[in-house]
Amino acid sequence: MLLKSYRKEIFLPECNPRFQSLHCIAHLDQDIGEVIPYLNSELGGYQYTVDPPSVTFKHHGKLITIHPRAIAVNALNDENEADKILEWLKGQINDIWERRHEIQPKFEGMKKPNIVEIIKYLPKTNCKKCGLPTCMVFAVQLGEGGRRIEQCPELSPAQRAALEKYFEPFARYLE
Ligand code: SF4
């Protein structure tokens, strides 16, 4: 077992303590740096740092970052949710470590949607029917997961199908 124990710390985000969501840091009693490229491969990390190693991924709307000696989780409803996620992560870390010989480690983050590519598929009329001032703004928000394809009512069936195909490889990044 690679990760045996940790100490949990829960706090309100400093930027705005009135936010109801909690942040959590787990201080790890063991160094799990070696498993991080394997976690990146298996859990679909969208951001990866080589030195020092860290991986960030999304899980049910939470942003989770794993460092060799700490795990950060944001947007938690309560402490109970933090406990569930940390125990799930501990299980994942130990399971993936056990199976590491079957896994191809990954040392880079996930490819992200390209705004220039997205805009090519949009009507580019800046009609504002999506509630945004321009197609470019819509493209940026679509690329970040803040809008959905169907929120542009001006897309032709062919444009919509092409956009959906373009986004297929990014499903995990945008979830
Ligand atoms: S509704 Fe579509 S075409 Fe109109 S501004 Fe928004 S993205 Fe552009």
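Look a little higher up for the structure.
Q: For the packing of aromatic side chains, give the residues involved together with the corresponding values.
A: Counted by the stated rule, this structure contains three aromatic pairs. Here the aromatic rings of Tyr48 and Phe107 are separated by 6.4 Å at their centres, their planes lie at 85°, and the arrangement is edge-to-face. In this pair, Tyr48 is assigned in strand E3 (residues 47-49) and Phe107 in the loop between helix H2 (79-98) and helix H3 (115-121), connecting sequence segments 59 residues apart. Note on Tyr48: relative accessible area 13%, which makes it buried. An aromatic cluster is built from Tyr121, Tyr166 and Phe167, whose rings are joined through pairwise contacts. Of note, Lys58 hangs over the ring of Tyr46, and the distance from its end group to the ring centre comes to 5.5 Å.

Q: Account for the site of the ligand, with residues named and values stated.
A: The local shell around the ligand consists of Pro123, Thr125, Asn126, Cys127, Lys128, Lys129, Cys130, Cys135, Phe138, Cys152, Pro153 and Glu154. Assessed atom by atom at 2 Å from the grid points, the ligand resides in the largest cavity. Its residues placed into classes, the shell around the ligand shows seven nonpolar, two polar and three charged.

Q: Can you lay out the sheet that holds E3 for me, pointing to particular residues and giving the numbers?
A: A sheet is described by the order of its strands in space; here six strands give the open sequence E1-E2-E6-E5-E4-E3, paired in antiparallel fashion. Either end of the sheet is taken by a strand with one partner, and the two such strands are strand E1 (6-11) and E3. With direction set aside, neighbouring strand axes in the sheet form an average angle of 15°. Note that strand E4 (residues 54-59) and strand E5 (residues 62-66) share five bridges and pair antiparallel. In the sheet register, Thr56 faces E5, and the bridge partner there is Thr65. In this fold helix H1 (residues 36-43) packs onto E3, E4 and E5, with an angle of close to 25° to the strand it touches most, E4. Sheet strands touched by H2: E1, strand E2 (22-28), E4, E5 and strand E6 (70-76). Its angle to E6, the strand with the most contacts, is close to 140°.

Rules of the game
- Residues numbered from 1 in each chain as written.
- Predicted model: local features only at pLDDT ≥ 70, side-chain atom pairs only at ≥ 80, totals over all residues.
- Heavy atoms only, no water.
- Phe/Tyr/Trp six-rings, centres within 6.5 Å; stacked < 30°, edge-to-face > 60°.
- Helix = DSSP H or I, 4+ residues; strand = E, 2+ residues; numbered from the N terminus.
- Buried < 20%, exposed > 50% of the residue type's maximum accessible area, 1.4 Å probe, protein only.
- Lys NZ or Arg CZ within 6 Å of the ring centre and 35° of its normal.
- Near = heavy atom within 4 Å.
- 1 Å grid on protein atoms, 1.4 Å probe; cavity = no way out; pocket = protein on both sides within 12 Å on 5 of 7 lines; lining within 4 Å.
- Sits in = over half its atoms within 2 Å of the grid points.
- Nonpolar A, V, L, I, M, F, W, Y, C, P; charged D, E, K, R; others polar.
- Pairing = 2+ DSSP bridges.
- Axes fitted to C-alpha atoms, helices over the stretch in contact; angles between N-to-C directions.
- Contact = heavy atoms within 4.5 Å.

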